[in-house]
Amino acid sequence: MKISVKRQVSIGLLGIAFAAPAFAAPDEKLRAAAEQARPALIDTLRDMVMIESGSSDVAGLAKMADFTEARLKALGARTERRKTTRGAGADMVIGTFEGTGSKKLMLIAHMDTVYEHGILATQPYRIDGNRIYGPGIADDKGGIAVILHSLKILGEAGWRDYAKLTVSFNPDEEVGSIGSGEFIAELADQHDVVLSCEPTGAAPAAKHDSLLLGASGTAIGTMEVKGKASHAGAAPQLGRNALIELAHQLLQTQDIAKSIPGTQLNWTTAKAGTVRNQIPDQATAGADIRLTVPDGVAKLQAALDEKIKNRLIPDTEVTVKIAPGRPPFVASDRGRALAQEGQAIYAEIERPLDITEMTGGATDAGFANRSGKAIVVESFGLAGWGYHARDEYIDTGSIVPRLYLMTRMLVELGKK
């Protein structure tokens, strides 16, 4: 079956125009190379899954950094280890390749997982049909594998059609990239295109592989209530119950984000009191906040400040603070055009590729896209599911298509 995808998209910024001819016939050499790379990629996945690398596991993250740095060096990269500025203090790994072309390209993925040390004892690496299970295998060790093996395929083919190609693996994505995000943003601004390699959804959760054009930004909300302690049995009326006031405030603010487009707030944690027989004088609550608009934090803060003026318990003090986290990712028209080019590449191998507009999960594409200087598209990793859960897996049927997508995309970008 011959599939022809015709389009004409002109993008003047950065000198990149996605106006390629209609793709129909696949690049058989790249497809064959992707097929040949499949067993080695599976071996790489196993090796990485066997390295436990939770966001707070500095020793495990050091092993992952050693592993990825060695692989990048073997591919011919100049490597650098950069200590993260906050959090556990693990290393980023940055690999740089110098080429003979004109464009500056960047690939990003993360080495950390959400799992605690010792998880392999209860959640081991295992293969069941076309699924391979293991902690972090999809999110995001599959993304690292796609990068390493795509670059190996292209290196062996002699491809150097870029001015600079940078690979960045960070160790703290699952905790908001609190120590690497600023550097990712700075580095992305030095490049023309950034391809982020978080996973794409696998069946049955997703019908087709996809590329992602939007992801929520994050923030942390904290509410604090100060009351007055007193004996809960002998003189409760002399106290000012911070717990009751907190409950009142949580109820009256729970839907506040519904009136602010592009924001979402959910109160998720709470704490008050230390003993049963004392009216609590302190209470706190925490909120998970998601945003798809740049002024969302300011608007939420203003709305909350106004709402909490309504008190239930007299003489209590209530404050709410919002700490911004990862910025939202909303792809530009240039990013959409690049994703459409990905659809044309998938059409070459007669596979559909969806374009997903937005997800509630946050990714480092937000940092890469913050200034808007680079063209950024997300989800070039393997197809998988069960992220952050007991049965996280990747679909081995996605390995060859995703290697083909990445290698063909890089080759096309080099021609721009």
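Residues numbered from 1 in each chain as written. Predicted model: local features only at pLDDT ≥ 70, side-chain atom pairs only at ≥ 80, totals over all residues. Heavy atoms only, no water.

Caption draft 1: How the structure looks around the confidence of the model for the chain. In the predicted model, the chain carries a mean pLDDT of 94, and 94% of its residues have values of at least 70. Taken together, the stretch residues 1-14 has pLDDT below 50 and engages in 37 contacts with residues farther than four places along the chain or on a different chain. (pLDDT = per-residue confidence, 0-100. Contact = heavy atoms within 4.5 Å.)

Caption draft 2: Molecular detail of the sheet that holds strand E15 (residues 282-291). Spatially, E13-E15-E11-E16 is the arrangement adopted by the four strands of the open sheet, whose pairing is antiparallel. Looking at which strands have only one partner, the edges of the open sheet turn out to be strand E13 (263-272) and strand E16 (317-324). Neighbouring strand axes in the sheet, compared pairwise and without regard to direction, differ in orientation by 20 degrees on average. Relative to E16, strand E11 (residues 217-226) is paired through eight bridges, and the arrangement is antiparallel. Across the sheet, Met223 pairs through a bridge with Val320, a residue of E16. Seen against the sheet, helix H6 (residues 296-307) touches E11, E13, E15 and E16 and runs at an angle of roughly 175 degrees to E16. (Pairing = 2+ DSSP bridges. Helix = DSSP H or I, 4+ residues; strand = E, 2+ residues; numbered from the N terminus. Axes fitted to C-alpha atoms, helices over the stretch in contact; angles between N-to-C directions.)

Caption draft 3: View of unusual backbone geometry. Residue Asp140 follows Asp139 across a cis peptide bond; omega there is 15 degrees. With respect to the helices and strands, Asp140 occurs in helix H3 (residues 137-156). Phi at Ser177 is positive, roughly 50 degrees, even though this residue is not glycine. By relative accessible area, Ser177 is classed as buried at 2%. One non-glycine residue with positive phi stands out, namely Asp315, at about 65 degrees. Tracing the chain through its elements places Asp315 in the loop between H6 and E16. (Buried < 20%, exposed > 50% of the residue type's maximum accessible area, 1.4 Å probe, protein only.)

Caption draft 4: The packing of helix H7 (residues 333-348) against helix H9 (residues 399-415), seen in detail. Across the interface, H7 lies against H9 with an axial gap of 10 Å and an inter-helix angle of 125 degrees. Classified by the angle between their axes, H7 and H9 sit oblique to one another. Remark: the crossing between H7 and H9 carries right-handed chirality. The residues of H9 that touch H7, namely those facing Leu338, Glu341, Gly342, Ile345, Tyr346 and Glu348, are Pro401, Arg402, Tyr404, Leu405, Arg408, Met409, Glu412 and Leu413. By residue class, the composition of the contact of H7 with H9 is eight nonpolar, one polar and five charged. (Parallel < 35°, antiparallel > 145°, perpendicular 65-115°, else oblique. Left-handed = near helix turned anticlockwise from the far one by under 90°. Nonpolar A, V, L, I, M, F, W, Y, C, P; charged D, E, K, R; others polar.)

Caption draft 5: Fine view of the pattern of salt bridges. All chains considered together, the criterion is met by 25 salt bridges. A salt bridge links Arg81 to Asp66, with the shortest nitrogen-to-oxygen separation between them at 3.1 Å. With Arg81 in strand E1 (residues 78-83) and Asp66 in helix H2 (residues 58-74), the pair connects residues that are 15 residues apart, well separated along the chain. Assessed through its relative accessible area of 29%, Arg81 is described here as partly exposed. Judged by relative accessible area, Asp66 falls into the partly exposed class, the value being 45%. Where Arg78 meets Glu98, a salt bridge forms, and the shortest distance between an N and an O atom there is 3.8 Å. (Salt bridge = Lys/Arg side-chain N within 4 Å of Asp/Glu carboxyl O.)

Caption draft 6: Just the side chain of Lys103, in detail. Along the chain, Lys103 turns up in the loop between strand E2 (91-98) and strand E3 (104-110). At 3.3 Å, the side chain of Lys103 forms a polar contact with the backbone oxygen of Lys416. (Polar contact = N/O pair within 3.5 Å; in protein donor to acceptor, adjacent residues only side chain to side chain.)

Caption draft 7: Representation of the side chain of His248 in the model. Of note, His248 is situated in helix H5 (residues 242-253). Setting aside residues up to four positions removed in sequence, His248 forms contacts with Asn310, Arg311 and Leu312.

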